[in-house]
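In case you want the letters, here they are:
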Amino acid sequence: MRIACILPSLEAGGAERVASELSLQLSKDHEVFLILNSAATISYPYGGEKIELYLPAQSNIIKKIVIFFARLRKLRTYKKYLKIDISLSFMRGSNVLNLLSRIRDHVYLSVHTYESGGLHGLYGFIYRYLMKFLYRKADGVIAVSRMIAEDLVCNFNVPEKKIRVIHNPVNIEAITKLVKEDIASYEEAYFSRPSIVVVGRLNRIKAQWNIIRALVEIRKRVPDCRIVFIGKGELEEYLKDLAESCGVGESVHFLGYKKNPFAYLNRASAFVLCSSREGFPNVIVEAMACGVPVISTDCKSGPREICAPESSGNALSVEYAEYGILVPPCEDRIPKANEPLSPCERSLAEATCELLQNHSLSERYRKAGQSRAKDFDYPIIMKQYRDVLSLN
């Protein structure tokens, strides 16, 4: 089979990591072509042949439209020239392009975002219309969480029979090796005291200001607690300024992007995700695989499916679930420095203090998380992908 994996880039991100691993696995038995809008930054290894369209994202609306049609023309040309049998795309823009560029290939979409929560303004209106009209024409749609699948059926007219829920995979074997790697000696010092690690892009959706504001309350009970951020993004300077204005600047450390975040997760006392929305947060499962207890907002979508798979509803306060701790969702509204803590922030502080001070609770979640992570191991998830793509 000749398979095209289509996505914007291989920069750091959850969907990009999945595409990376799929290309590595599928290229063992098939001809794989990784088609990227831009290959300026490659954060992950890949299998098969990389093809760059040389059409990176643009901010201007006119340029966006021009780039879209240029991508469409190039993608259709490559599909025809390479005689692609199966096209698997990742993320909204690539999914629409994949459908519009169909020639004789079987088209599959991979949806990694709770779309109803992220379509705003003119751009969102256009994509909402395109998705409602086009997604149902795909040969199959892979949703990375049950909530995303429900959203596609209820709000985007995708027939339920075309959707398959396949959670994002983690490479347990690779993580087990990577956690043992050394880190810089000055970074080791950050983990000599109770430490919270936060991994992800520093942006509005990830809402990391919540844990910084919560740290003020946490330090009342755990005075030497610190936060270590792994990742970069447009809110980095704001978050640094916020830490200083809250009086906890000396306890908040920004280490930037790390090729191996697992070595840091393995050394942490707790991992915290405070996103306002997600698709399926790979980093929760990765943290569990590293043996670090997890605290997460109960946002749409994914954290509850990982931490409390047999439950439903939303956390109204701190919820000590089976595999991790859930707290009420946070808003993506950036608060003023002098605002009182939100319910989410107070719950984050309460859960973190309890986890850091209760050794038996911490050990329980370390073991439970490691057990849960095995449900998402690559051999299990890859079999599901091969079934959907009829590659078995």
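Residue numbers run consecutively from 1 along every chain, following the written order of its sequence. For this predicted model, a pLDDT threshold of at least 70 governs which residues receive local features, and a threshold of 80 or more governs which side-chain atom pairs are given and counted, while totals over whole chains, interfaces and linings are taken from all residues. As a rule here, side-chain values cover all heavy atoms of the structure and leave hydrogens and water aside.

Here's the deal with the state of the cysteines
Item 1. Put simply, a disulfide is two cysteine sulfurs that come within 2.5 Å. Per the counting criterion, the structure on display carries one disulfide.
Item 2. Not part of a disulfide, Cys 353 finds its nearest cysteine sulfur in Cys 225, a span of 7.5 Å.

Describing the side chain of Arg 213
Item 1. Secondary-structure assignment places Arg 213 in helix H8 (residues 209-221).
Item 2. Side-chain polar atoms of Arg 213 contact the backbone oxygen of Glu 339, separated by 3.2 Å.
Item 3. We define a polar contact as two N or O atoms separated by no more than 3.5 Å, with the added condition that, inside protein, one atom must be a possible hydrogen donor and the other a possible acceptor, whereas residues neighbouring each other in sequence contribute only through side-chain atom pairs. For Arg 213, the side chain forms a polar contact with the side chain of Glu 345, separated by 2.8 Å.
Item 4. Excluding residues that lie within four positions of it along the chain, Arg 213 makes contacts with Leu 242, Cys 246, Pro 335, Lys 336, Ala 337, Glu 339, Pro 340, Leu 341, Ser 342 and Glu 345. In this text, helices come from DSSP runs of H or I with a minimum length of four residues, and strands from runs of E with a minimum of two, each type numbered from the N-terminal end. Two residues form a contact once any of their heavy atoms are found within 4.5 Å.

Focus on the pattern of salt bridges
Item 1. Each reported salt bridge corresponds to a side-chain nitrogen of Lys or Arg within 4 Å of a carboxyl oxygen of Asp or Glu. Going through the model one piece at a time under the given rule, you end up with 24 salt bridges.
Item 2. Glu 237 is the partner of Lys 240 in a salt bridge, and the nearest nitrogen-oxygen pair spans 3.9 Å. Linking Lys 240 with Glu 237, this pair stays in helix H9 (residues 236-245), spanning three residues, or about one helical turn.
Item 3. Burial status follows relative accessibility: with a 1.4 Å probe on protein chains alone, a residue under 20% of its type maximum counts as buried, one over 50% as exposed, and anything between as partly exposed. Assessed through its relative accessible area of 30%, Lys 240 is described here as partly exposed.
Item 4. Here Glu 237 falls in the partly exposed class, since its relative accessible area comes to 49%.

Things to note about the packing of helix H2 (residues 61-82) against helix H3 (residues 92-100)
Item 1. Closest axis-to-axis distance for the H2/H3 pair is 9 Å, and the angle between their directions is 55 degrees. Viewed along their axes, H2 and H3 adopt a mutual orientation that is oblique. For the pair H2 and H3, the sense of crossing is right-handed. Between H2, through Phe 68, Arg 71, Leu 72, Leu 75, Arg 76 and Lys 79, and H3, the contact on the second element is made entirely by Val 96, Leu 97, Asn 98 and Leu 100.
Item 2. Residues are grouped as follows: nonpolar covers Ala, Val, Leu, Ile, Met, Phe, Trp, Tyr, Cys and Pro; charged covers Asp, Glu, Lys and Arg; every other residue, Gly included, is treated as polar. Split by residue class, the contact of H2 with H3 holds six nonpolar, one polar and three charged. Lines fitted to the C-alpha atoms define the axes, with helices restricted to the stretch that makes contact. Angles between their N-to-C directions range from 0 to 180 degrees. Any angle that falls under 35 degrees is termed roughly parallel, while one over 145 is termed roughly antiparallel, one within 65 to 115 roughly perpendicular, and all others oblique. By convention, the crossing between two helices is left-handed when the near helix turns anticlockwise from the far helix through less than a right angle, and right-handed when the turn is clockwise.

Looking at H9
Item 1. Of the residues making up H9, those classed as buried are Glu 236, Leu 239, Leu 242 and Ala 243. For H9, the buried positions fall inside an angular range of 125 degrees around the axis, keeping them on one side. Across from the buried face of H9, at angles greater than 90 degrees, the exposed residues are Glu 244 and Ser 245.
Item 2. Taken together, the buried residues of H9 touch H8 and strand S10 (252-254).
Item 3. Gly 247 sits one or two positions beyond H9 and adopts a positive phi of about 80 degrees. Directions are taken from the helix axis to each C-beta atom, and the arc is the one they span.

Without other data, these values stay purely geometric and don't point to any function.
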